[in-house]
Amino acid sequence: MVTTNLCKTLSEKSVYARMYRDVRAAVDLCHRDGTLKQMVAKDPKRYINEDTSIVPMLKMLRDSGRATFLVTNSLWDYTNIVMNFLCGSQTLESRSSLNFDWLRYFNVVITGSAKPSFFHDENRANLFEVEPESGMLINTDNGTPMPQVGGALRLPLKSLNKSCSVFQGGNVGHLHKLLGIESSSQVLYVGDHIYGDILRSKKVLGWRTMLVVPELEKEVELLWELRDTRKQLRLLRTERDLVEDKIHHLQWSLKFEVHNTDEKQQLLPELDKLESQREQVRFSHQQAQRECHQKFHKVWGQLMKTGYQNSRFAHQVERFACLYTSQVTNLGLCSPDKYYRPSEDFMPHEFDILGL
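A. Summary view of the nonpolar core. Grouped together as the largest cluster of nonpolar side chains are 26 residues, with contacts concentrated most on Leu86, Cys87, Trp102, Phe106 and Val109. For this core, the element with the most residues is helix H5 (residues 76-87), which contributes seven residues. Ignoring anything within four residues of it in the chain, the contact list for Leu86 reads Ile48, Asn49, Asp51, Ile54 and Val55. Grouped together as the second largest cluster of nonpolar side chains are 16 residues, Phe69, Ile110, Val172 and Leu175 included.

Rendered as structure tokens:
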């Protein structure tokens with residue numbers, strides 16, 4: 001029986017492992033052969049959420065004197081389609097309506113960056129300038145245009161938009177040079193991938209980071225709706241702990257302090273009553289906790305929690321994201337000069353004293 005169950009468990013594990021490999025291979029193939037991007041390019045409105053706050057936010061940052069950059073793993077053709085949709089007309093009918101007006105919102109655009117390896121300065125990837133009209137790549141010397149063999153020096157992009165240059169490849173060293181960045185703390189990098197964007201840029205470079213977590217918007221709404229329920233959960237947990245303390249104290253007294261038989265007989269019903277109360281409180285707490293848990297997700301619950309503890313994802317967010325938000329345009333709700341200060345940390349012994 002043990003052998004059969006063990007074989008069954010191993011078989012199930014191998015099935016899930018094979019399923020993971022198959023799904024991963026299929027997703028990777030969709031990215032490599034262009035299938036995924038072709039579908040999005042044909043109908044951006046179907047796959048990309050419109051946000052009319054993007055352009056005002058970018059304008060505000062540029063008007064404040066900040067330099068802005070875009071670093072993406074996508075190549076120029078797809079990047080131009082997506083950015084036209086986001087920063088231009090959301091009703092693109094054909095590729096003939098594409099333009100390069102959105103470039104005025106950026107100082108530097110780097111496509112085909114191959115993040116997260118892009119964040120390593122020792123990555124020796126060549127940096128090419130992109131000619132927007134044709135997508136042709138032009139050799140550069142660390143971002144400086146080079147004369148083409150058999151021809152004159154070409155500066156195609158500068159004539160289109162004097163404030164922005166478009167490149168492909170390279171590494172973070174090229175980006176720092178192009179923007180004149182002297183200190184990593186001068187950079188606020190916004191990304192939506194905890195590993196590919198935030199962890200590497202923070203850990204390797206020391207950039208300031210902002211993680212975009214779209215699911216957070218719904219979670220915050222639910223947290224507001226369930227704030228009374230969460231208060232009740234804390235009260236039930238406190239009540240359970242108090243009852244257990246009384247039980248443990250009474251059990252200790254019966255075992256080591258009370259020697260009179262009559263006195264013990266008087267305390268035993270009280271102990272039974274406390275144990276019954278504990279079970280009732282425990283059941284009420286578990287039921288309320290389960291209902292609260294399922295409001296977020298029927299299986300996983302809150303994104304940032306595992307029971308009472310912060311989830312692994314939440315720990316990574318705390319450690320590597322200086323800021324986190326549900327969408328990048330939330331930056332536009334605050335002044336570019338705003339100083340974001342960390343919240344105060346508290347030790348367990350401070351909670352009851354400060355009434356937290």
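B. The arrangement of the pairing of strand S8 (residues 208-212) in detail. In terms of burial, S8 is a largely internal element, four of the five residues being buried. Pairing between strand S7 (residues 188-191) and S8: four bridges, direction parallel. If you follow Leu188 over to S8, its bridge partner there is Arg208. Traced from S7 through helix H8 (residues 194-205) to S8, the parallel crossover comes out right-handed.

C. How the structure looks around unusual backbone geometry. Going from Lys115 to Pro116, the amide bond is cis rather than trans, its omega being 10 degrees. Of note in the backbone geometry, Ala114 takes a positive phi value of approximately 60 degrees without being a glycine. Locating Ala114 in the fold gives a position in the loop between strand S2 (108-111) and strand S3 (127-130). The exposure class assigned to Ala114 is partly exposed, which follows from its relative accessible area of 43%. With phi around 55 degrees, Asn142 is a residue other than glycine that occupies positive phi space. Mapped onto the elements of the fold, Asn142 is located in the loop between strand S4 (137-141) and strand S5 (144-145). Take Asn142: its relative accessible area is 38%, and that puts it in the partly exposed class.

D. Representation of the pairing of S4 within the structure. On S4, burial follows the alternation: Ile138 and Thr140 on one face are buried, whereas Leu137, Asn139 and Asp141 on the facing-out side are not. Between S3 and S4, which follow one another and run antiparallel, lie six residues, and Gly135 among them has a positive phi close to 80 degrees. Alignment of S4 against S5, held across two bridges, turns out to be antiparallel. Within S5, the residue paired with Thr140 across the bridge is Pro145. Counted between consecutive antiparallel strands, the loop separating S4 from S5 contains two residues, among which Asn142 sits at a positive phi close to 55 degrees.

E. Here's a closer look at helix H4 (residues 54-63). Within H4, burial applies to Ile54, Val55, Met57, Leu58 and Leu61. For H4, the buried positions fall inside an angular range of 160 degrees around the axis, keeping them on one side. Its buried side turned inward, H4 meets H5. Looking one or two places after H4, you find Gly65, whose phi comes out positive at around 95 degrees.

F. Layout of the sheet that holds S8. In spatial order, the strands read S7-S8-S11; together these three strands make up an open sheet with parallel pairing. The open sheet has two edge strands, S7 and strand S11 (323-325), and neither has a second partner. Neighbour to neighbour, the strand axes of the sheet diverge by 20 degrees on average, direction disregarded. This element, H8, spans S7 and S8 of the sheet and lies at about 165 degrees to S8.

The rules behind each value
Residues numbered from 1 in each chain as written. Predicted model: local features only at pLDDT ≥ 70, side-chain atom pairs only at ≥ 80, totals over all residues. Heavy atoms only, no water. Core = buried A, V, L, I, M, F, W, Y, C linked by side-chain atoms within 4.5 Å. Buried < 20%, exposed > 50% of the residue type's maximum accessible area, 1.4 Å probe, protein only. Helix = DSSP H or I, 4+ residues; strand = E, 2+ residues; numbered from the N terminus. Contact = heavy atoms within 4.5 Å. Pairing = 2+ DSSP bridges. Right-handed = clockwise from strand over helix to strand, strands pointing away. Arc of directions from axis to C-beta. Axes fitted to C-alpha atoms, helices over the stretch in contact; angles between N-to-C directions.

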